[in-house]
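# Per-entry structural report
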Amino acid sequence: VVVIHPCGLQDFRAVHQLVCDDFGHLISESSLRHWLCHETPGFHVARHHGRTVAFIHVQPRPADNALWLNLIAVNAAARGQGIARALLVFCERLAAEQGFGKVALQCLMDNAPAIAFYDQTDFKRVGESHYSAMNLSFFLYEKPVPARPANPRVVPGIRTDPAWRRKVHRLFYAAWIGWRSTLVELKKSGQG
Ligand SMILES: CC(C)(COP(=O)(O)OP(=O)(O)OC[C@H]1O[C@@H](n2cnc3c(N)ncnc32)[C@H](O)[C@@H]1OP(=O)(O)O)[C@@H](O)C(=O)NCCC(=O)NCCS
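What comes next is a walk through the structure. Predicted model only: the values in this text are computed from it and were never measured.

Applying the stated criterion across every chain, the model contains 7 aromatic pairs. Pairing Tyr118 with Tyr141 gives two aromatic rings, centres 5.2 Å apart and planes at 35°, and the pair type is tilted. Linking Tyr118 in helix 4 (residues 112-119) with Tyr141 in strand 7 (residues 136-144), this pair joins segments that are 23 residues apart in sequence. A relative accessible area of 6% means that Tyr118 is categorised as buried.

Moving on to the site of the ligand. Taken together, 21 residues are adjacent to the ligand, and Ile72, Val74, Gly80, Gly82 and Asn111 come closest. At 3.5 Å, a side-chain N or O of Arg79 approaches an oxygen atom of the ligand. The protein chains hide 72% of the 910 Å² of surface that the ligand would expose on its own. If you list the elements that add at least two residues to the shell around the ligand, you get helix 1 (12-23), strand 4 (66-74), helix 3 (83-97), strand 5 (102-108) and helix 4. Sorting elements by how many residues they give to the shell around the ligand places helix 4 first, with 5 residues. Tallied by class, the residues present in the shell around the ligand amount to 12 nonpolar, 6 polar and 3 charged.

With that out of the way, let us pick up the pattern of salt bridges. As enumerated under the stated definition, the model contains 7 salt bridges in all. In this structure, the salt-bridge partner of Arg47 is Asp11, at a minimum N-O distance of 2.8 Å. Here the residue Arg47 occupies a position in strand 2 (residues 43-48), and Asp11 occupies one in the loop between strand 1 (2-6) and helix 1, the gap between them amounting to 36 residues. Its salt-bridge partner being Arg93, residue Glu97 comes within 3.5 Å of it at the nearest N-O pair. With Glu97 and Arg93 both in helix 3 and 4 residues apart, the pair spans about one turn of that helix.

What follows is about the sheet that holds strand 2. A sheet is described by the order of its strands in space; here 7 strands give the open sequence 1-2-3-4-5-7-6, paired in mixed fashion. The sheet is open, and its two borders are formed by strand 1 and strand 6 (124-131), each paired with just one other strand. The average undirected angle you get between the axes of adjacent strands in this sheet is 30°. As paired elements, strand 2 and strand 3 (residues 51-61) share 6 bridges and run antiparallel to each other. The residue of strand 3 that forms the bridge with Arg47 is Thr52.

The rules behind these values
Residues numbered from 1 in each chain as written. Predicted model: local features only at pLDDT ≥ 70, side-chain atom pairs only at ≥ 80, totals over all residues. Heavy atoms only, no water. Phe/Tyr/Trp six-rings, centres within 6.5 Å; stacked < 30°, edge-to-face > 60°. Helix = DSSP H or I, 4+ residues; strand = E, 2+ residues; numbered from the N terminus. Buried < 20%, exposed > 50% of the residue type's maximum accessible area, 1.4 Å probe, protein only. Near = heavy atom within 4 Å. Polar contact = N/O pair within 3.5 Å; in protein donor to acceptor, adjacent residues only side chain to side chain. Areas by Shrake-Rupley, 256 points an atom, 1.4 Å probe, with all protein chains shown as cover. Nonpolar A, V, L, I, M, F, W, Y, C, P; charged D, E, K, R; others polar. Salt bridge = Lys/Arg side-chain N within 4 Å of Asp/Glu carboxyl O. Pairing = 2+ DSSP bridges. Axes fitted to C-alpha atoms, helices over the stretch in contact; angles between N-to-C directions.

Structural measurements only, silent on function.
Dropping the structure here:
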């Protein structure tokens, strides 16, 4: 049975490994460290028999009325079992609860498996974006989420951690993952 949980410190290594495996050429160590340590409440993981096999990272984009799906990855051995679909459904519910009107994301045009995956979902391709500096092209996808009656007690956006907790996250990150990285920065400088 696969269960979705908020990301805890014990998940950091597995999330880092998934990013190395699937986005190592795209994501820098400093970005991942910042997201994991400072945006921890935006991460959720899927655990199978206690083992972290997938994660999703979302970010609030109030100006676009959207919850942005920044990263999603499933361990290669756990693919094809509906885990990513379950994470998307979870993310849609989160967006509705937070008062956002849609979930949005971008996917590299040459990521054929991910495009095949999104084609199997209700997400609609709504445009393209190009980053000439990195020579990358993405398809943009969106899915509206059902409007919820306004709840004055819910502040749109993902909870943020207090400064002391972010410091604790950074200490654990340093201890468990270290500052040496297989991600993009060290590769570029030839040390990775
Ligand atoms: C894309 C990815 C997240 C899909 O995860 P997954 O858990 O295998 O996907 P699911 O099992 O939930 O699949 C949901 C649907 O998409 C389809 N699908 C998933 N991967 C597919 C593929 N490679 N080719 C064709 N269809 C695919 C499934 O058949 C399924 O359809 P169904 O429910 O009608 O049978 C996973 O391959 C992955 O982690 N890739 C590397 C990271 C990545 O590229 N992330 C996306 C960046 S935008």
